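Examining the three-dimensional arrangement
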Amino acid sequence: MRFPRPATQLWPPVLLGSQFVFNIGFYAVVPFLAVFLREDMLLSGATIGLILGLRTFSQQGMFIVGGALSDRYGARSVILCGCVIRVVGYLLLALGDNLGLIILGACLTGIGGALFSPSIEALLARAGTESEARGKRSRAEWFALFAVCGELGAVLGPVAGALLAGLGFRQVALAGAAVFVLALVLLHLCIPHAQHHQKTLHITPWWTTFRQPRFVAFIIAYSSWLLSYNQLYLALPVEIARAGGSEKDIGPLFMLASGLIILFQLPLARVARRVGAARMVPVGFLVVSASFLCVALFAASPPGEGWLRLLPAAGFVTLLTTGQMLLVPAAKDLIPRFADNHSLGAHYGALSTAGGCAVLAGNILFGNQLDQALVPSVEAIYPWLQLAIFPFISAIALFIICRPLR
């Protein structure tokens, strides 16, 4: 019996489709992890923040390792290895019978993502550069399409997770593992092997990415984005609890975010192309800062009646998502200006590694403070105001850092 062989040429839509499948598997599980830890395992906000921070750091914080491995050994092998590790992580979440195994499973799901995500982004950056050189779709527009395909998966993921939530979180995790087994098989067939004669040439050590002061300043300033985005998993459930909602309200809010990206990401990418990525990134951070202020305005007041109780949470998700659409494709479009073609993986990895460190530190800091925001009070305002400060500082810093890149 002869097994199908991998493709001989990379078809760029494969990268878009992989993001779609990955996000189905991710968003079916991770948005419900905080609820599982709080309600089933009865953990405190600080402990939940630490676990979610470790999960995010295991992924984003290790991106530079995944990117460097991709530059050295080729994207295909690293992507497939990442899928296997994420499957193991989901199985531990589903079958683990103590907190230690749950934490290990959460970290392994992150490490798997740290392997495949920078590899796919580096492949897409190369494909986008070639497309732009031929006068076709720009690199920023390819990343915008990448985001749209990811959000299509993010629409279906929470829906699938919500449908399975009645069976229990462990069944949701098993379903997530099955999705990544499917992704493993498809990517094995669709991603070609690297050209061996190119694989050992022009290898730039990963640590050289930190010898560029402007790039280091850029990734430090950009790191508050991931800290802000991670509040969808840590702070959003707290706001829903303050408003008298339940875990069933998480899915529709994630669907709102995904719907906004599907509808508006490409039009905003075209605007960014005209305005310039270097100008768009600081604007995006200002909008992200406004998303936290939106909740702070309501945190001390009793929740409204009916669907109005979720209005602050919906405003938070809408503004955070709008900021994401403005800044993320633009920032990723700027990375090749710091890197050559043979160190793209390490540079994209460094971008996310800085964010992973920020999330780990921020979750430890804010996990305890967010407990104050579980009920309407003056004290509930303070965590949201503090969260708003970081993207605001980033907006100012990136306005200065990106000025020479305009």
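Check the entry above for the structure.
Anyway, here's the lowdown on the structure attached to this text. (Residues numbered from 1 in each chain as written. Predicted model: local features only at pLDDT ≥ 70, side-chain atom pairs only at ≥ 80, totals over all residues. Heavy atoms only, no water.)

**Thoughts on the layout of surface pockets**
In this model, the second largest pocket occupies a volume close to 200 Å³. If you go around the second largest pocket, you meet 17 residues; those closest to its centre are Ala140, Ala272, Arg273, Ala277 and Asp333. Breaking the lining of the second largest pocket down by element, the ones donating at least two residues are helix H7 (139-165), helix H12 (250-275) and helix H14 (311-334). Examining the composition of the lining of the second largest pocket, we find that five residues originate from one element, H14, more than from any other. The class makeup of the residues in the lining of the second largest pocket is nine nonpolar, three polar and five charged. (1 Å grid on protein atoms, 1.4 Å probe; cavity = no way out; pocket = protein on both sides within 12 Å on 5 of 7 lines; lining within 4 Å. Points joined across faces, edges and corners; volume = space filled by probe spheres on them. Helix = DSSP H or I, 4+ residues; strand = E, 2+ residues; numbered from the N terminus. Nonpolar A, V, L, I, M, F, W, Y, C, P; charged D, E, K, R; others polar.)

**Considerations on the packing of aromatic side chains**
Here the structure, examined in full by the defined rule, presents 15 aromatic pairs. Aromatic pair Tyr90 and Phe180: ring centres 5.8 Å apart, planes at 75 degrees, arrangement edge-to-face. One end of the pair, Tyr90, is in helix H5 (residues 75-95); the other, Phe180, is in helix H8 (residues 169-190), and 90 residues separate them in sequence. Judged by its relative accessible area of 0%, Tyr90 is buried. Since its relative accessible area comes to 0%, Phe180 is described here as buried. Ring centres of Phe292 and Phe316 lie 5.4 Å apart, and the angle between their planes is 45 degrees; on these two criteria the pair is classed as tilted. Here Phe292, found in helix H13 (residues 277-296), pairs with Phe316, found in helix H14; they are 24 residues apart in sequence, far enough to count as distant. Phe316 matches Phe292 in its accessibility class, with the two residues each being buried. Through a chain of ring-to-ring contacts, three or more aromatic side chains come together here, namely Phe26, Trp225, Tyr229, Tyr233 and Phe254. Of note, Arg72 hangs over the ring of Tyr73, and the distance from its end group to the ring centre comes to 5.1 Å. (Phe/Tyr/Trp six-rings, centres within 6.5 Å; stacked < 30°, edge-to-face > 60°. Buried < 20%, exposed > 50% of the residue type's maximum accessible area, 1.4 Å probe, protein only. Lys NZ or Arg CZ within 6 Å of the ring centre and 35° of its normal.)

**Details of the packing of helix H10 (residues 213-229) against helix H16 (residues 381-401)**
Running from N to C, H10 and H16 cross one another at 155 degrees; their axes reach a closest spacing of 9 Å. Taken together, H10 and H16 sit at an angle that is classed as roughly antiparallel. Handedness of the H10/H16 crossing: left-handed. Listed contacts from H16 to Arg214, Ala217, Phe218, Ala221, Tyr222, Ser224, Leu227 and Ser228 of H10 are Phe390, Pro391, Ser394, Ala397, Leu398, Ile400 and Ile401. Here the residues of the contact of H10 with H16 sort into eleven nonpolar, three polar and one charged. (Axes fitted to C-alpha atoms, helices over the stretch in contact; angles between N-to-C directions. Parallel < 35°, antiparallel > 145°, perpendicular 65-115°, else oblique. Left-handed = near helix turned anticlockwise from the far one by under 90°. Contact = heavy atoms within 4.5 Å.)

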